Amino acid sequence: MADILAKIEEIETEMARTQKNKATSGHLGLLKAKLAKLRRELIAPPGGSSSKPGEGFEVSKSGDARVGLIGFPSVGKSTLLTKL
């Protein structure tokens, strides 16, 4: 348990030290994946299936996204975007 917490803290400090740009986005993605895996192990240890559900954790949103809709005129593209 303490080993997992130490690894989580180590990964979080490395993520804080790493600059965010195109060149480091892959590295940060791998760190996020490792962090998620360790948090999952912290909630439910890998020693078989547990009968009771564990406590969850919150993941903050990060990053930008662009969406492009292609279609015929007057089919509801703008209406779809306003509903979302």
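Criteria and thresholds
- Residues numbered from 1 in each chain as written.
- Predicted model: local features only at pLDDT ≥ 70, side-chain atom pairs only at ≥ 80, totals over all residues.
- Heavy atoms only, no water.
- Helix = DSSP H or I, 4+ residues; strand = E, 2+ residues; numbered from the N terminus.
- Buried < 20%, exposed > 50% of the residue type's maximum accessible area, 1.4 Å probe, protein only.
- Contact = heavy atoms within 4.5 Å.
- Core = buried A, V, L, I, M, F, W, Y, C linked by side-chain atoms within 4.5 Å.
- Patch = residues over 30% accessible without salt bridge, like charges linked within 9 Å, V, L, I, M, F, W, Y side chains within 5 Å.
- Areas by Shrake-Rupley, 256 points an atom, 1.4 Å probe, with all protein chains shown as cover.
- Salt bridge = Lys/Arg side-chain N within 4 Å of Asp/Glu carboxyl O.

With that settled, consider the overall build of the protein. Regarding its fold elements, the protein presents three helices and zero strands. Starting at the N terminus and walking to the C terminus, you meet the elements of the protein as α-α-α. Counting every position in the protein, which comprises 84 residues, the buried fraction comes to 12%. Within the protein, residue pairs in contact and separated by at least 24 positions form 37% of the contacts whose partners lie at least 6 positions apart.

Below, the discussion takes up the nonpolar core. By size, the foremost hydrophobic cluster in this structure holds eight residues: I4, I8, I11, M15, L28, L31, L35 and L38. Of all elements in the fold, only α1 (2–17) and α2 (25–43) reach the threshold of two or more residues within this core. When residues no more than four places from it in sequence are discounted, the contact partners of I11 are L31, K34, L35 and L38.

For the rest of this paragraph, the subject is a nonpolar patch on the surface. Together, L69, L80, L81 and L84 make up an exposed nonpolar region whose accessible area comes to about 430 Å². Relative to the assigned elements, L69 resides in the loop between α2 and α3 (77–83). Under the relative-accessibility criterion, L69 is labelled partly exposed at 38%.

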